[in-house]
Amino acid sequence: MKRPVLLTLPIVAVGLLVGCAPPATVAFNGHSVTIRTSTPQEQDRQAAEIEAQGICGQVGKRAQYASTTYVHDLNIQHLFLCI
């Protein structure tokens, strides 16, 4: 009976760690930036926007939110235009 519990704990631990992943830049072409988050929650979209502001700021522009695409579990992509 202890065996299933021992197998479940590592899976739960990995799931919790992945759910806390910070936003990551997926693509940038000088005109737009795509930021990946692990959940579609508003706080993650806001964190993605902060990341996008930093990326667009490197070319003297500011980020403007354009859209969100659900790719698959733990991969939500937010598109920002650099204007």
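Draft legend 1. Representation of the state of the cysteines within the structure. Following the criterion strictly, the structure yields one disulfide and no others. Here Cys56 engages in a disulfide with Cys82; their sulfurs sit 2.0 Å apart. Because the sign of the S-S torsion sets the handedness, a value of about -60° for the bond joining Cys56 and Cys82 places this disulfide among the left-handed ones. Taken together, the residues span a long stretch of sequence, with Cys56 in helix α2 (residues 42-57) and Cys82 in strand β4 (residues 75-82) at a distance of 26 residues. Take Cys56 and Cys82: they sit in the same class, and that class is buried.

Draft legend 2. Inspection of the nonpolar core at higher detail. If you look at the biggest cluster of nonpolar residues, it comprises nine residues: Val33, Ile35, Ala48, Ala52, Ile55, Cys56, Ala63, Phe80 and Cys82. Contributions of two or more residues to this core are made by β2 (32-37), α2 and β4. If one sorts the elements of this core by residue count, α2 sits on top with four residues. Contacts of Val33, omitting those with residues within four sequence positions, involve Thr25, Ala27, Phe28, Ala52, Ile55, Cys56, His78, Leu79, Phe80 and Cys82.

Draft legend 3. Geometry of the pattern of salt bridges. Tallied over the full model, the rule gives two salt bridges. For Arg45, the salt bridge is made with Glu42, and the minimal N-O distance between the two is 3.2 Å. With a gap of three residues between them, Arg45 and Glu42 both fall in helix α2, about one helical turn apart. For Glu42, a relative accessible area of 45% translates into the label partly exposed. Between Glu49 and Arg45 there is a salt bridge whose closest N-O contact spans 3.3 Å. Pair noted here: Glu49 and Arg45 are both in helix α2, with a separation of four residues, about one helical turn. For Glu49, a relative accessible area of 24% corresponds to the partly exposed category. Among the charged side chains, a network of salt bridges with common partners joins Glu42, Arg45 and Glu49.

Draft legend 4. Expanded view of the sheet that holds strand β1 (residues 24-28). In spatial order, the strands read β1-β2-β4-β3; together these four strands make up an open sheet with antiparallel pairing. Looking along the sheet, the strands with just one partner apiece sit at the ends: β1 and β3 (63-72). Across this sheet, the average inter-strand angle for adjacent strands is 25°, counted without regard to direction. When β3 meets β4, the two strands line up antiparallel, connected through eight bridges. Residue pairing in the sheet places Ser67 in a bridge with Leu79 of β4.

Scoring rules and cut-offs
- Residues numbered from 1 in each chain as written.
- Predicted model: local features only at pLDDT ≥ 70, side-chain atom pairs only at ≥ 80, totals over all residues.
- Heavy atoms only, no water.
- Disulfide = S-S within 2.5 Å.
- Helix = DSSP H or I, 4+ residues; strand = E, 2+ residues; numbered from the N terminus.
- Buried < 20%, exposed > 50% of the residue type's maximum accessible area, 1.4 Å probe, protein only.
- Core = buried A, V, L, I, M, F, W, Y, C linked by side-chain atoms within 4.5 Å.
- Contact = heavy atoms within 4.5 Å.
- Salt bridge = Lys/Arg side-chain N within 4 Å of Asp/Glu carboxyl O.
- Pairing = 2+ DSSP bridges.
- Axes fitted to C-alpha atoms, helices over the stretch in contact; angles between N-to-C directions.

Remember that the coordinates give geometry; whether it matters functionally is a separate question.
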